[in-house]
Amino acid sequence: MTYFEKIKTLPIKEKAVIMGIETSCDETAVAIIKDGREILADEIISSATEHVKFGGVVPEIASRMHTTAILKATKTALEKANLTLDDIDAFAVTEGSGLLGALLVGVSFAKSLAFSCNKPLVPVSHIRGHIAASYLADKGLKPPFVTILCSGGHTAIIAVKDYYDFKVYGSTIDDAVGEAFDKVARVLKLSYPGGPNVERLAKEGQNVVPLPKMLKNYQGSEFDFSYSGLKTAVINYVHNKQEKGEQINPADVACSFQHAAIDVLIEKALKVVNLTGYKTLTLSGGVGANGYLREALQKAVKDKDIKLVIPEKRYCTDNAAMIGAEGYLQYLKGNFADLDLNAKAVIPLSQK
Ligand SMILES: Nc1ncnc2c1ncn2[C@@H]1O[C@H](COP(=O)(O)OP(=O)(O)OP(=O)(O)O)[C@@H](O)[C@H]1O
Ligand SMILES: [Mg+2]
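Within each chain, residues carry numbers counting from 1 in the order of the written sequence. Going through the entries in the order they are written, you letter the chains from A and number the ligands from 1. Local features in this predicted model are restricted to residues of pLDDT 70 or higher, and side-chain atom pairs are both shown and tallied only at a pLDDT of 80 or more, whereas totals for entire chains, interfaces and linings draw on every residue.

## As for the overall build of the protein chain
Stage number 1. Each helix and strand in the protein chain was counted, giving eleven helices and ten strands.
Stage number 2. The atom set for the radius of gyration is the C-alpha atoms, and the globule formula is 2.2 Å times the number of residues raised to the power 0.38. For the protein chain, whose C-alpha radius of gyration is 21 Å, the value lies close to the compact-globule estimate of 20 Å for 352 residues.
Stage number 3. Expressed as lengths along the three principal axes of its C-alpha atoms, the size of the protein chain is roughly 70 × 45 × 35 Å.
Stage number 4. With 352 residues in all, the protein chain has 46% of them scored as buried.
Stage number 5. Here the contact rule is simple: place C-beta atoms from the backbone, and any two residues whose C-beta atoms are within 7 Å are in contact. Sequence separation of at least 24 residues holds for 74% of the intrachain contacts in the protein chain that already meet a minimum separation of 6. Secondary structure elements follow DSSP: runs of H or I no shorter than four residues count as helices, runs of E no shorter than two count as strands, and numbering proceeds from the N terminus. For every residue, the other C-beta atoms within 10 Å of its own C-beta are counted; 20 or more classify it as buried, 12 or fewer as exposed, and values in between as partly exposed. C-beta atoms are placed from the backbone.

Written out as structure tokens, the structure is:
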């Protein structure tokens, strides 16, 4: 019997222990999740400091760092959970979207574990993982709900109709919100990673810098986003002032940008909540760690019949616990991969 034939004969356990493996960008992460909701271990080794001097993630460096960190992260996760590889029921791994070389480290590692332990290999979409982080934040959370997906590469308002059925109401037509934070950080001479540094500086902002309204006269979906124009407006504002030899107040720029970038996420999400009639709203992705967004959302749903589920900041940015949580859902469906699984640079939002 081949490996794949063998794992197809294994019973699916409702109470399963899943190892999640995430290497799509600069975090090497391994987590162990019980029953899809309980985090037994959650290791993250970040190579972010290696990328600071380049102002962004260097894919080749990220891949090499994954290669040296992945075994350590796995051993530590097993130790902290007080388990051995024999206790793991399936190995879930991010297959995409992400940096191809970086993803391949996790995919190859997960394949060898699955093959040597004779356990299922479960491919997971990184974005579905971000959304599944909310199942860890609220153990009672069940679809349907609306989620604001706001990460480094994605921005969308999505209705999670059930665990496996999603409807994208609107998404960005150009840059992602996290990408805009990173680019604005650069023009304000803030170091990588930009988002948290823009947030820190924005706290000192006092005066409004006028920025254009997003997607004025746009003919597409009213739930779509465009961050390219906003980013360019900030860059132009800073450069024009510099050319004239005038001072800018970086805190005012950061604060005005943050308002413009975030307020529209909340506004459109609430419209989708109204439209669907769903009573729960969740946050998914790295920009969900933004304190202004978290507070503004709390205020926006106050006095409304909407339950808010906001994962801890650690589970908004890239981590493996979310991959274990989504991996569990895919495991229950028997969505296993054979040993020819390949990494994918892009997995469309609409795909499983
Ligand atoms: N406090 C914050 N405020 C604003 N942005 C933030 C904050 N913390 C992180 N970010 C942004 O979140 C992004 C990283 O999030 P995440 O890890 O989800 O993205 P990614 O994995 O690169 O992209 P994707 O998940 O779309 O593939 C970066 O753009 C970063 O600047
Ligand atoms: Mg991510």
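## Quick look at the nonpolar core
Stage number 1. Note on definitions: a nonpolar core is a set of buried residues drawn from Ala, Val, Leu, Ile, Met, Phe, Trp, Tyr and Cys, linked by C-beta atoms within 7 Å. Counting residues in each nonpolar core, the largest one holds 99 residues, and the members touching the most others are Ile-21, Phe-91 and Ala-92.
Stage number 2. By residue number, the principal contributor to this core is helix α9 (residues 250-276), which donates eleven residues.
Stage number 3. These domain boundaries are the output of an automatic or database domain assignment. In terms of domain composition, this core takes at least three residues from each of domain 1 (3-133 + 318-332) and domain 2 (142-315).
Stage number 4. In this structure Ala-92 touches Ile-18, Met-19, Gly-20, Ile-21, Val-122, Val-124, Ile-323, Gly-324, Gly-327 and Gln-330, once residues within four positions along its chain are discounted.

## Structural notes on the pairing of strand β8 (residues 165-171)
Stage number 1. The pairing criterion for strands is at least two bridges between them, as found by DSSP. Judged from the six bridges that link them, strand β7 (residues 155-162) and β8 form a sheet pairing that is antiparallel. Opposite Ala-156, over in β8, you have Ser-171 as the bridge partner.

## Overview of the pairing of β7
Stage number 1. Alignment of strand β6 (residues 145-150) against β7, held across six bridges, turns out to be antiparallel. When the bridges of β7 are listed, Ile-148 appears paired with Ile-157.
Stage number 2. Hairpin geometry of β7 and β8 is characterised by an intervening segment of two residues between the two adjacent antiparallel strands.

## Let's talk about the sheet that holds strand β4 (residues 90-96)
Stage number 1. Across the sheet, five strands lie side by side as β3-β2-β1-β4-β5; this open sheet has mixed pairing. At either margin of the open sheet sits one strand with a lone partner, and together these are β3 (38-46) and β5 (121-125). The mean inter-strand angle of the sheet, taken between neighbouring strand axes irrespective of direction, is 20°.
Stage number 2. Looking at chain direction, strand β1 (residues 17-22) and strand β2 (residues 27-34) are connected through six bridges and run antiparallel. Following the sheet pairing, Glu-22 is matched in β2 by Ala-29.
Stage number 3. Inter-axis angles, ranging from 0 to 180 degrees, are taken between N-to-C directions of lines fitted to C-alpha atoms, where helices are fitted over the stretch in contact. Strands in contact with helix α4 (residues 100-117) are β1, β4 and β5; relative to β4, the strand with the most contacts, it is inclined by about 160°.

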